[in-house]
Amino acid sequence: MTPLRRHRALTRIWASDPGWKGWFTTVNHTDLGRMFMFTAMIFFVVGGILAMLIRAQLATPRSAFMGPEVYAQVFTMHGTIMMFLFAIPLIEGIAIYLLPKMLGARDLAFPRLTAFGYWCYVFGGSMLLFAMLTGLAPDSGWFLYPPLSSTLGSPGINSDFWLIGITFVEISAICAAVEITVTILRFRAPGMSLDKMPIFAWYMLVVALMILTGFPPLILGSVLLELERAFGWPFFQVAEGGDSLLWQHLFWLFGHPEVYIIFLPAAGIISTVLPVMARTTLMGYGWVVAAAVALGVLSFGIWVHHMFTTGIPHMALAFFSAASTLVAVPTAVQIFAWIGTIWKGKPQLKLPMLWILAFFATFVIGGLTGVMLAVVPFNWQAHDTHFVVAHLHYVLIGGFVFPVLAGLYYWLPHLTGRRRFFRLGEPAFWLVFVGFHVTFLAMHWVGLLGQRRRTFTYEHGQGWEAINLISSIGGFITAIGFALVLIDIAINALVTLRGRRNPWGAGTLEWAMPKPVPAYNFASLPPVRGREPLYDDPGLDLRIARGEGYLGDPGDGRRKTLVVDIASGRPEQVVVFPSNTALPIVMALVTGVAFLGVLIKAFWLVPLAVLGVAALAFRWVWSLGTRTDEGLLDAGHGLSLPLASASTRPPGWWGTAFLLVANATFFASLLFGYAFLWTVAPNWPPPAYLEPGLAGPALGLAGIVLAPLGLRLAERLLRAGHAMTPGLAIALTGAAATASAGVLAVLASADPQGHAYDAIVRVIAGYVLIHVVLAAAMSVYLAARRSAGFVSPDRYGEVRIVRLWTDYAAITALLGLAALHLPGALT
Amino acid sequence: MHPAGPAAEAIAALWWVMLVGSCVIFVLVMALLALALRRSNVEGRGDGSEGERVWLVGLGLVFPLLVLLALLAYGLVIGERLAPRDGPEVVTVRAEGRQWEWRFSYADAPGLVTEGVLHIPAGTPVDVEITTVDVIHSFWAPRLAGKLDAIPGHVNVLRIEAREPGEYAGVSAEYSGPGYLDHRFTVIAHDADGWAGFLRGAAP
Ligand code: HEM
Ligand SMILES: [Cu+2]
């Protein structure tokens, strides 16, 4: 088969639907990565316009341009858009676009999930845009502290838009994180062991795990605050046993890791681009990986540094202060690894390199002011002034936007298949770089003079006029620079000449494919022997095209790629991907209806939408797998591999496992909240604890034992060739017993509006209830799959997935019921 | 910053130390970067492995650890010194924030409440008990001390001290809604006579 015929055959299999329909049914990571990046850029423009409004307002004292109410919406939306709708989705887009190409796979692990995540992002983001255009935007700052953001301070719908819209967008982030984790661990080129992975994949692995453990606390906080706003459950109201500090802890448990979730991918870009620009390899690969992991872990221990002024005891502050400054160490390791890389190489000052140098100058300053702010007494003075605003922009723009622009210019030939021809990029760079420093150096200064953040104006005669004016002029120069960058990218993408395949002479696999990028990525999957496959084997791209790698035979028209062993990269299975479908967008829409129901207080919509999502989810999973045992498939190179759906741990098992990591963090945050209110909130203990009685605990315990046993029995029966029914029946009985224990707890609890205790009892019981009901539904689903022939004695991976979920439900039920009943039993 | 009390002075000193230190570090890093760019242009590709030790262990690990250790110790000492300590002559006052006003009351003159103006004796350490009746606020008199939040249901204690009698501006420093900009107060530090007079004149 000639390369051209192979290309045509593979394109027929992998291409998205033609025309406009393709946009809505595509599940291809190249399309979706581009769509993510494009949408994020639109939000960047919106956030940038808001920034210009802010600087226009602050340019002169006593400006009549905006009043305090409008200004509040503008800075809240600026922060919210930049953090949640620009930075995080842009990272997701870059990772979604690049990872399979760098790792040597044909798509991400769960293509439809990618699409679902994208549409959740679009719909959630649109809610916030709608709020802004109608003047109903959230207005209590991007971290939404109650009571200001709750019914007391914001009776209107403004905060609800934030809570609902952002939670929707976070679902999208969790989807992407599950996807990225499983892809990096299992979907790599044959032979790519962990230590041969491109450094960017290591960074993204850390980031994805951080999203899975960092976002759930905020999702929990949003759920609780929305429950307080919609139903009066007083989690954050001190008079009824709540505490507004709980929100601050939940928010910053998310918020600090978030900063590193934004920075680490940018660092990953630098670690990838810089060595190519310096015509060498990265210094200290192992060190850099260790530094990234260390940053990820450390960042979860230091959220309290955002709360230094809340009256936390001084010794605790000392601990968090020390931990906070400690992050400077892994950061320094990376910085010096990069400088060392330049030192051992032959750097060329191409445009991506310019942006990286701008990163160095800017980020080091941001890091140093960060260390200053981590020193408690100084924090007491600088907290909530423009000094902090300046610091955070040095870190976010210097540490994120600049490296991302370096990456954008580096991968532009890849994205567009064209050569950069118009040289608008260089003047744009200088405008941004100079403008940025003028703007924010001035802001450090007025901050030290005492100008508070979030104040909509200031008086004559405080000596702040000139500095603010300079800062605003700098801001406009920066904005013009950014606009030029976007224009530059647009025209270079649309009108210039076709470029070479590997213009920078890079060594990673994404440069081994033809441009424009084919839908299937690799005509055959290349065997990999080192970290820079293209340096090891310069002719690799041609060999891939000639079908000399694995899975080079288009075969039966199914979308196929390889699943490898996590550590060694040895090929283990062949996975078959689903093809184009509108299911993701429909499911995101129906999910959106549920969110909308809460937003406009049409609560009857919610159960309807949830049923709809359940039905769609059923269709979603039903279409996977096969009804026959296919045995071993020829993967090329004389290798015969089983289908992934016939393995004990199919990709779906791994996806479920990492989803449960996020879920467990959510549950742990809930128990943390419970314990926090118990020990810290002033108006505790509640008037009465839940009376456990006998029936509840007995039923609960029985169910917790029965359900996991039932599934184990079902698997045993299945593999021996019998019917699974007895085992599934036991599992269902167990689920029913635990569910009734949950219902009993809800019935026994007092009025949830009366005290935070009773409100949190209901949330814990509700959590347990939802999980056992889902476990039960999965058992029923298994029975249906068995009778339809998708599950067989040799294809029992789905039983393992249900078992995993059921075990999780049982463990959380045990913990949850214990947390509910022990206080009552002990007193 | 024009510090007018020991707390604010200590913090100002800390700031100058950190500023100088940061500038030195910044210049150092930039110099290394420039050196790396130049050296490689002149000498071409080094083999690199001998450099890992210097760059990663020396500069990456040891250097920041040393700097941070020194800084932390310094910050901790100052923080401890600023923490409220019991003493015979500490005066206690209470600050209660609300949208958008501050009310102050005095342990030495029960029943006395002032709005928007906090009276304290000069040259004496004062503990301000800070709380709020509605949303979160923050008590900040920049020339006297750092800030501390007013959180519903909690009382936080801030130690302030004014060296000289006089008037000092104060603001709330946590966003609290549309009236935030003008959520201000004044601290008036009296000499001994003035303070006694204030307490007497106002006490019933
Ligand atoms: C030309 C670019 C930008 C300018 C001139 C700018 C300007 C500002 C200013 C003046 C404020 C303070 C408003 C106030 O407190 O009164 C602010 C807040 C903020 N900015 Fe930016 N910004 C820019 C870009 C960005 C980017 C790229 C990000 C994030 C990736 C970002 C994130 C934030 C956040 C999180 C806040 C805090 C919002 C709040 O207080 O709730 N900004 N920005
Ligand atoms: Cu932080």
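In what follows, the accompanying structure is described.

Some remarks on the site of ligand 1
Residue and element names in this part refer to chain A.
Here comes step 1: Around ligand 1, a shell composed of 22 residues is seen, among which Tyr71, His78, Trp142, His393 and Arg454 lie nearest.
Here comes step 2: In the environment of ligand 1, an oxygen atom lies 2.9 Å from a nitrogen or oxygen atom belonging to the side chain of arginine 453.
Here comes step 3: Among the secondary structure elements, those contributing two or more residues to the shell around ligand 1 are α3 (29-58), α4 (68-103), α14 (386-416) and α15 (425-448).
Here comes step 4: Element by element, the count of residues in the shell around ligand 1 is highest for α4, at 6 residues.
Here comes step 5: When grouped by side-chain class, the residues that make up the shell around ligand 1 number 14 nonpolar, 5 polar and 3 charged.

A closer look at the coordination of the copper ion (ligand 2)
All names here are of chain A.
Here comes step 1: Every protein donor of the copper ion (ligand 2) is listed here as His256 (ND1), His305 (NE2) and His306 (NE2), and their distances to the metal cover 1.7 to 2.0 Å.
Here comes step 2: In the primary sequence, the donor residues of the copper ion (ligand 2) line up as H-x48-H-H. Here histidine 306 lies in the loop between α9 (285-298) and α10 (314-326) and histidine 256 lies in helix α8 (residues 244-277), a separation of 50 residues in the sequence.

Considering the environment of A:Pro61
Residue and element names in this part refer to chain A.
Here comes step 1: Positionally, proline 61 belongs in the loop between α3 and α4.
Here comes step 2: For proline 61, a relative accessible area of 13% puts it in the buried group.
Here comes step 3: Separated by 16 residues in the primary sequence, proline 61 and methionine 77 place their C-alpha atoms 23 Å from one another.
Here comes step 4: Those residues in contact with proline 61, other than ones at most four positions away along the chain, are Thr457, Tyr458, Glu459, His460 and Glu465.

A short note on α3(A)
Here comes step 1: With 30 residues, α3(A) extends 42 Å between its outermost C-alpha atoms, agreeing within 8% with the 44 Å of an ideal straight helix rising 1.5 Å per residue.
Here comes step 2: Capping the start of α3(A), A:Asn28 holds a side-chain oxygen 2.7 Å from the backbone nitrogen of A:Thr30, two or three residues further along.

Remarks on the environment of B:Val187
All names here are of chain B.
Here comes step 1: Mapped onto the elements, valine 187 comes out in strand β10 (residues 184-190).
Here comes step 2: Accessibility expressed as a relative area gives 0% for valine 187, which makes it buried.
Here comes step 3: Taking the C-alpha atoms as reference, valine 187 lies 5.0 Å from tyrosine 168; in sequence the two are 19 residues apart.
Here comes step 4: Not counting residues within four places of it along the chain, the set of residues in contact with valine 187 comprises Leu118, Ile120, Ala141, Leu144, Gly166, Glu167 and Tyr168.

Some points on the packing of aromatic side chains
Here comes step 1: All chains considered together, the criterion is met by 83 aromatic pairs over all chains.
Here comes step 2: Centre to centre, the rings of A:Phe215 and A:Phe254 are 5.2 Å apart; their planes meet at 80°, and the pair counts as edge-to-face. Residue A:Phe215 is located in helix α7 (residues 199-231), and its partner A:Phe254 is located in helix α8; the two are separated by 39 residues in the primary sequence. Neither residue differs from the other here; A:Phe215 and A:Phe254 are each classed as buried.
Here comes step 3: Judged by centre distance (5.9 Å) and plane angle (90°), the rings of B:Trp102 and B:Phe139 are edge-to-face. Highlighted residues: B:Trp102 in strand β2 (residues 101-106) and B:Phe139 in strand β6 (residues 137-140), separated in sequence by 37 residues.
Here comes step 4: Classification of B:Phe139 as buried rests on a relative accessible area of 0%.
Here comes step 5: Against the face of B:Tyr180 rests A:Arg452, its NZ or CZ located 4.7 Å from the ring centre.
Here comes step 6: Over the face of the ring belonging to A:Trp653 we find A:Arg649, whose NZ or CZ atom lies 4.2 Å from the ring centre.

Looking at the sheet that holds strand β9 (residues 166-172) of chain B
Residues and elements named next belong to chain B.
Here comes step 1: Read from one edge of the open sheet, 5 strands run β4-β10-β9-β6-β7, paired in mixed fashion. Looking along the sheet, the strands with just one partner apiece sit at the ends: β4 (117-121) and β7 (148-150). When strand polarity is set aside, the average angle formed by the axes of neighbouring strands in this sheet is 30°.
Here comes step 2: Where β4 meets β10, 5 bridges bridge the pair, whose relative direction is parallel. Considered in β10, the bridge of valine 117 is made with threonine 186.

A few points about the pattern of salt bridges
Residue and element names in this part refer to chain A.
Here comes step 1: Under the defined criterion, the tally for this structure stands at 26 salt bridges over all chains.
Here comes step 2: A salt bridge links arginine 62 to glutamate 459; the shortest N-O distance between them is 2.4 Å. Taken as a pair, arginine 62 in the loop between α3 and α4 and glutamate 459 in the loop between α15 and α16 (465-495) lie far apart in primary sequence, 397 residues in all.

Re a positive patch on the surface
Residue and element names in this part refer to chain A.
Here comes step 1: Taken together, the side chains of Arg279, Lys350, Arg419 and Arg500 make up a positively charged region of the molecular surface.
Here comes step 2: The residue lysine 350 is located in the loop between α11 (328-344) and α12 (351-374) in this model.
Here comes step 3: Of the residues examined, lysine 350 reaches a relative accessible area of 37% and is grouped as partly exposed.

Structural notes on the coordination of the iron atom of ligand 1
Residue and element names in this part refer to chain A.
Here comes step 1: Listed as protein donors to the iron atom of ligand 1 are His78 (NE2) and His393 (NE2); their distances from the metal cover 1.9 to 2.0 Å.
Here comes step 2: Overall, histidine 78 belongs to the buried group, its relative accessible area being 14%.
Here comes step 3: Of the residues examined, histidine 393 reaches a relative accessible area of 15% and is grouped as buried.

Describing unusual backbone geometry
Here comes step 1: Of note, the bond from A:Trp684 into A:Pro685 is cis; its omega dihedral lies within 30 degrees of zero at -5°.
Here comes step 2: Looking at where A:Pro685 falls in the secondary structure, it is placed in the loop between α21 (651-680) and α22 (695-719).
Here comes step 3: Residue B:Gln99 is joined to B:Trp100 through a cis peptide bond whose omega torsion reads -5°.
Here comes step 4: Phi at A:Arg454 takes a positive value of approximately 65°, unusual for a residue other than glycine.
Here comes step 5: Along the chain, A:Arg454 turns up in the loop between α15 and α16.
Here comes step 6: Residues other than glycine seldom take positive phi values, yet A:Asn521 does so here, at roughly 65°.
Here comes step 7: Looking at where A:Asn521 falls in the secondary structure, it is placed in the loop between α16 and α17 (533-536).

Conventions and cut-offs
- Residues numbered from 1 in each chain as written.
- Chains lettered and ligands numbered in written order.
- Predicted model: local features only at pLDDT ≥ 70, side-chain atom pairs only at ≥ 80, totals over all residues.
- Heavy atoms only, no water.
- Near = heavy atom within 4 Å.
- Polar contact = N/O pair within 3.5 Å; in protein donor to acceptor, adjacent residues only side chain to side chain.
- Helix = DSSP H or I, 4+ residues; strand = E, 2+ residues; numbered from the N terminus.
- Nonpolar A, V, L, I, M, F, W, Y, C, P; charged D, E, K, R; others polar.
- Donors = N, O, S within 2.8 Å, 3.2 Å for Na, K, Ca; no water.
- Buried < 20%, exposed > 50% of the residue type's maximum accessible area, 1.4 Å probe, protein only.
- Contact = heavy atoms within 4.5 Å.
- Expected span 1.5 Å × (residues − 1).
- Phe/Tyr/Trp six-rings, centres within 6.5 Å; stacked < 30°, edge-to-face > 60°.
- Lys NZ or Arg CZ within 6 Å of the ring centre and 35° of its normal.
- Pairing = 2+ DSSP bridges.
- Axes fitted to C-alpha atoms, helices over the stretch in contact; angles between N-to-C directions.
- Salt bridge = Lys/Arg side-chain N within 4 Å of Asp/Glu carboxyl O.
- Patch = residues over 30% accessible without salt bridge, like charges linked within 9 Å, V, L, I, M, F, W, Y side chains within 5 Å.
- Areas by Shrake-Rupley, 256 points an atom, 1.4 Å probe, with all protein chains shown as cover.
- Lys, Arg positive; Asp, Glu negative; His and termini not counted.
- Charge placed at Lys NZ, Arg CZ, Asp CG, Glu CD.

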